[in-house]
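Listed below are the residues making up each chain.
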Amino acid sequence: MAAAEPEVIRDKAAMRAWARRRRAEGKAVALVPTMGFLHDGHLSLVAAAAAAGGQPVAVVVSIYVNPSQFAPTEDLATYPSDLAGDIRKLAATGAVAAVFCPPDLYVRPGAGAASASCLEEAGGGYGHETWIRVEHLEKGMCGSSRPVFFRGVATVVAKLFNIVEPDVAVFGKKDYQQWRVICRMVRDLDFAIQIIGSEIVREADGLAMSSRNVHLSHLEREKALSISRSLVNARTAARNGNNHSQQIKDQIVQTLTEAGGQVDYVEIVEQESLVPLERIDRPAVICVAAWFGKVRLIDNVEIQAPT
């Protein structure tokens, strides 16, 4: 028996009405926000959403390439897309009830004028100008090299929450700082939503799954394996008693550089506050961002408190 096709919804009001009908039927609504070009990592989020809660769940997957998290120099125009393929993959899971793929969450109609995008400075007073900042957690790591990124992420996720009104939302922990930013936003703004962090899904050779991996050449992909390899070695060193953060970070930088990577950052931070640690003496996460060719990759590994 073929899996049921999820309902594809493009209109915000229709999405909100759909979610409210599901809740009236006694179902919890679980949201998986994505930017599309789905891989097995995304599908693991769907599985986590379907398993959430102690009642029937209606899973919604949003597919929206959010322009506000890209700086003008970043890869918005080349971000990979395959909506038809994405819907086929989601249908094959048999777990997705609806796919929300709005054309533009930021367009605002001008008074007799053309619509203005959130990326336009001048919109005749009709452009998007309301932003959410998670002021401490967005600093450092990805926030240092991508200063508009978390403002864009927090704002679009809040918009999705207001449209879909989910009971549960699932985010991948590969984007560790993003996950913590969303958790803090939900706490601080009193969203009645359970946030689930789903573990990183890796290729057989250890590379963290990412939609951007498709842009790696064969050689670049081989070199990029140095990221996961360096993190495994770092975790082993910490478990064996080396709790000196700088020594571990230096070794990771050396490994990535020798492999031909351009390091954006290597940080060891406390898991919830993301405060840098000089010593790994509490639950920590080692976060890495590095360029291989024109592709920026991120990865991390959590380390629990020493016993």
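Residues numbered from 1 in each chain as written. Predicted model: local features only at pLDDT ≥ 70, side-chain atom pairs only at ≥ 80, totals over all residues. Heavy atoms only, no water.

Taking an unreviewed UniProt entry as the reference, the protein is identified by name as Pantoate--beta-alanine ligase belonging to Urochloa decumbens. Recorded under Subcellular location (unreviewed entry), the UniProt text for the protein is reproduced unchanged: "Cytoplasm". Here is the UniProt Catalytic activity (unreviewed entry) comment for the protein, exactly as written: "(R)-pantoate + beta-alanine + ATP = (R)-pantothenate + AMP + diphosphate + H(+)". (UniProt positions renumbered as here; feature names shortened; annotations may be inferred.)

1. Here we look at the nonpolar core
By size, the foremost hydrophobic cluster in this structure holds 46 residues, and its most contacted members are V60, F100, F161, I182, M185 and I195. Among all residues touching V60, those that are not within four sequence positions of it are M15, W18, V29, A30, L31, V32, A98, F100 and V164. Within the second largest apolar cluster, 24 residues are counted, among which are A224, F292, V295 and I303. (Core = buried A, V, L, I, M, F, W, Y, C linked by side-chain atoms within 4.5 Å. Buried < 20%, exposed > 50% of the residue type's maximum accessible area, 1.4 Å probe, protein only. Contact = heavy atoms within 4.5 Å.)

2. Considering the pattern of salt bridges
One pass over the structure, following the stated rule, counts 15 salt bridges. The salt bridge involving K173 is made with E302; its shortest N-O contact spans 3.1 Å. Of this pair, K173 sits in the loop between β5 (168-172) and α6 (176-188) while E302 sits in strand β9 (residues 295-303), and the two are 129 residues apart along the sequence. Between D188 and R187 there is a salt bridge whose closest N-O contact spans 2.9 Å. When salt bridges with common partners are traced through the structure, they connect R22, E25 and K27 into a single cluster. (Salt bridge = Lys/Arg side-chain N within 4 Å of Asp/Glu carboxyl O. Helix = DSSP H or I, 4+ residues; strand = E, 2+ residues; numbered from the N terminus.)

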